[in-house]
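# Report on the structure
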Amino acid sequence: SDATLKATAAASGASATERFLTDKTVQTEAGTDAARVNTLVTEVITAVHDVIRRHQVTYDEYNALKSWLIGVGQDGEWPLFLDVWVEHVVEEVAATGRGGSKGTIEGPYYVPGAPALPATSTLPMRENEAGTQLLFQGQVTGVSGEPLGGALLEMWQADDDGLYAQFAPGIPEWNLRGSVVADADGRFAVTTVQPAPYQIPTDGSCGRLIAAAGWHAWRPAHLHLKVYAPGHEPLTTQLYFKGGDHIQDDVASAVKPELVLDPRPAPGGGNEVVYDFVLDPA
Ligand code: MBD
Ligand code: FE
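Residues numbered from 1 in each chain as written. Chains lettered and ligands numbered in written order. Predicted model: local features only at pLDDT ≥ 70, side-chain atom pairs only at ≥ 80, totals over all residues.

Our focus in this paragraph is the overall build of the chain. Within the chain one finds 7 helices and 14 strands. Relative to a compact globule of 282 residues, whose C-alpha radius of gyration would be 19 Å, the chain shows 20 Å and is just as compact. Referenced to the eigenvectors of the C-alpha coordinate spread, the extents of the chain come out at roughly 60 × 50 × 35 Å. Taking all 282 residues of the chain together, the buried fraction comes to 33%. Across the chain, the fraction of contacts at a sequence separation of at least 24, relative to all contacts at a separation of at least 6, is 75%. (Helix = DSSP H or I, 4+ residues; strand = E, 2+ residues; numbered from the N terminus. Rg over C-alpha atoms; globule rule 2.2 N^0.38 Å. Buried ≥ 20, exposed ≤ 12 C-beta atoms within 10 Å, placed from the backbone. Contact = placed C-beta atoms within 7 Å.)

Bridge analysis of strand E2 (residues 120–122) against strand E6 (residues 187–193) gives 3 bridges, and the strand direction is parallel. The residue of E6 that forms the bridge with Thr-120 is Ala-189. Both strand E3 (residues 133–142) and E6 contribute to a ladder of 7 bridges, which runs antiparallel. Paired with Gln-133 across the two strands is Val-193, which belongs to E6. (Pairing = 2+ DSSP bridges.)

Moving on, we get to the packing of helix H1 (residues 9–23) against helix H5 (residues 78–85). Contact pair H1 / H5: the axes reach a minimum separation of 7 Å and the direction vectors enclose 80°. Considering the angle they form, H1 stands roughly perpendicular to H5. Contacts between H1 and H5 pair Gly-13, Ala-16, Thr-17 and Phe-20 from the former with Trp-78, Pro-79 and Leu-80 from the latter. When grouped by side-chain class, the residues that make up the contact of H1 with H5 number 5 nonpolar, 2 polar and no charged. (Axes fitted to C-alpha atoms, helices over the stretch in contact; angles between N-to-C directions. Parallel < 35°, antiparallel > 145°, perpendicular 65-115°, else oblique. Nonpolar A, V, L, I, M, F, W, Y, C, P; charged D, E, K, R; others polar.)

For the rest of this paragraph, the subject is the site of ligand 1. Contacts to ligand 1 come from Leu-80, Asp-83, Val-84, Ile-105, Gly-107, Pro-108, Tyr-109, Tyr-198, Arg-219, Ala-252 and Ala-254. Per element, the largest residue contribution to the shell around ligand 1 is 3 residues, and it comes from H5. Grouping the constituent residues of the shell around ligand 1 by class yields 8 nonpolar, 1 polar and 2 charged. (Near = placed C-beta within 6 Å.)

A few words now on the sheet that holds strand E10 (residues 235–241). In sheet architecture, strand pairing relies on hydrogen bonds along the backbone and comes in two forms, parallel and antiparallel. Taken together, 6 strands build an open sheet; the order of strands is E1-E5-E4-E9-E10-E11 and the sheet is mixed. Whereas interior strands pair on both sides, the edge strands pair on one side only; in this sheet they are strand E1 (116–117) and strand E11 (260–261). The pairing of E10 with E11 spans 2 bridges and is classified as parallel. Note that in E11 the partner of Phe-241 across the bridge is Leu-261.

With that settled, the discussion passes to the UniProt feature "domain: Intradiol ring-cleavage dioxygenases" (unreviewed entry) in the chain. Mapped onto this numbering, the UniProt entry annotates "domain: Intradiol ring-cleavage dioxygenases" (unreviewed entry) at residues 136–164. The annotated region residues 136–164 carries 0% helix and 45% strand content, and the separation between its end C-alpha atoms amounts to 19 Å. (UniProt positions renumbered as here; feature names shortened; annotations may be inferred.)

Counting 54 residues, the largest nonpolar core has Val-140, Leu-153, Met-155, Val-227 and Leu-279 as its most contacted members. Counting only elements with at least two residues in this core, the list comes to H5, E3, strand E4 (152–157), E6, helix H7 (205–213), strand E9 (222–228), E10 and strand E14 (277–279). Beyond its immediate sequence surroundings of up to four residues, Leu-153 is in contact with Val-180, Ala-182, Phe-188, Leu-225 and Val-227. (Core = buried A, V, L, I, M, F, W, Y, C linked by C-beta atoms within 7 Å.)

Here we take up the environment of Ala-184. Among the secondary structure elements, Ala-184 is positioned in the loop between strand E5 (177–181) and E6. Under the C-beta neighbour-count criterion, Ala-184 is labelled exposed, with 10 such atoms within 10 Å. Here the alpha-carbon distance between Ala-184 and His-88, two residues 96 residues apart in the chain, equals 33 Å.

Those residues of H7 lying buried are Ser-205, Cys-206 and Ile-210. Axial view of H7: buried residues confined to an arc of 145°, hence all on one face. Across from the buried face of H7, at angles greater than 90 degrees, the exposed residues are Ala-211 and Ala-212. Where H7 is buried, its residues touch helix H4 (59–74) and H5. Directly after H7, the chain includes Gly-214, whose backbone phi takes a positive value near 75°. (Arc of directions from axis to C-beta.)

This paragraph deals with the pairing of strand E13 (residues 271–274). The side chains of a regular strand alternate, first on one face of the sheet and then on the other. Sheet analysis places E3 next to E13, joined by 4 bridges and oriented parallel. What sits directly across from Phe-136, in E13, is Val-273. Count of turn residues in the strand E12 (residues 264–265)/E13 antiparallel hairpin: 5 residues, of which Gly-269 carries a positive phi of about 105°.

Buried residues of H5: Pro-79, Leu-80, Phe-81, Asp-83 and Val-84, and no others. Summarising the contacts, the buried residues of H5 are in contact with H1, H4, helix H6 (87–94) and H7.

Here the chain averages 95 in pLDDT, while 96% of its residues score no lower than 70. Reported confidences for the modelled complex are a pTM of 0.95 and an ipTM of 0.97. (pLDDT = per-residue confidence, 0-100.)

Below you can see the structure in the form of structure tokens.
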């Protein structure tokens, strides 16, 4: 795609780091006790020592690691690195014992405070927004099937170039981001466009790691959602598209079979799909 559309690592990384520091620092600094810190950090450091011994790591490799770690911070890519290669296991552990809809990782590009939209609505988008139109509809219920009137669905997604508003240049602030208020029966019907797959920026430290290791840089196309209702556990999830590229080899390991949509052509043009959300009691 053309240079003006490019999300540089430095720009999107800096935005993702700023976002994290704004939204998450307070909760992350809340009381972790010394015994817990000691256990976790000692085990991580010991695991690193084991790798060094097992693979006879050299000084050149040690210094390559140091310079790469410095680069990740300079590029602002710690949120990207952690959410791509670590978050899926944190989510797996956090989801233990949950019975409602499957969730998956949040990733680095959630922004709170997206414009409020009624149950039947179109996500904010540009005139002639590129991409296949998608009518996404469903119902939010509790685990016994009871409708959760007034549930809230925060939605965010990449556009047809795989770019996120507020993390890539030249996109209106709230493009393809919205806070949809479900109706009294928990139902919603949102018109959007199908996103493109997302490629990790190739010009930053995460991109350099991917190239150096011979990996690929792609996530399958996905919609992000946070679903809330009073008295219920919030659900953070993503939905993917059947048959889409990288469904089987997401670089962020965040696809689950329950999260794959199979949209069908809609009578009025574009595609449509129904997906219901079940929230656990709080
Ligand atoms: C994304 O769009 C994303 O959802 C995750 C988890 C990581 C990087 C980019
Ligand atoms: Fe994403």
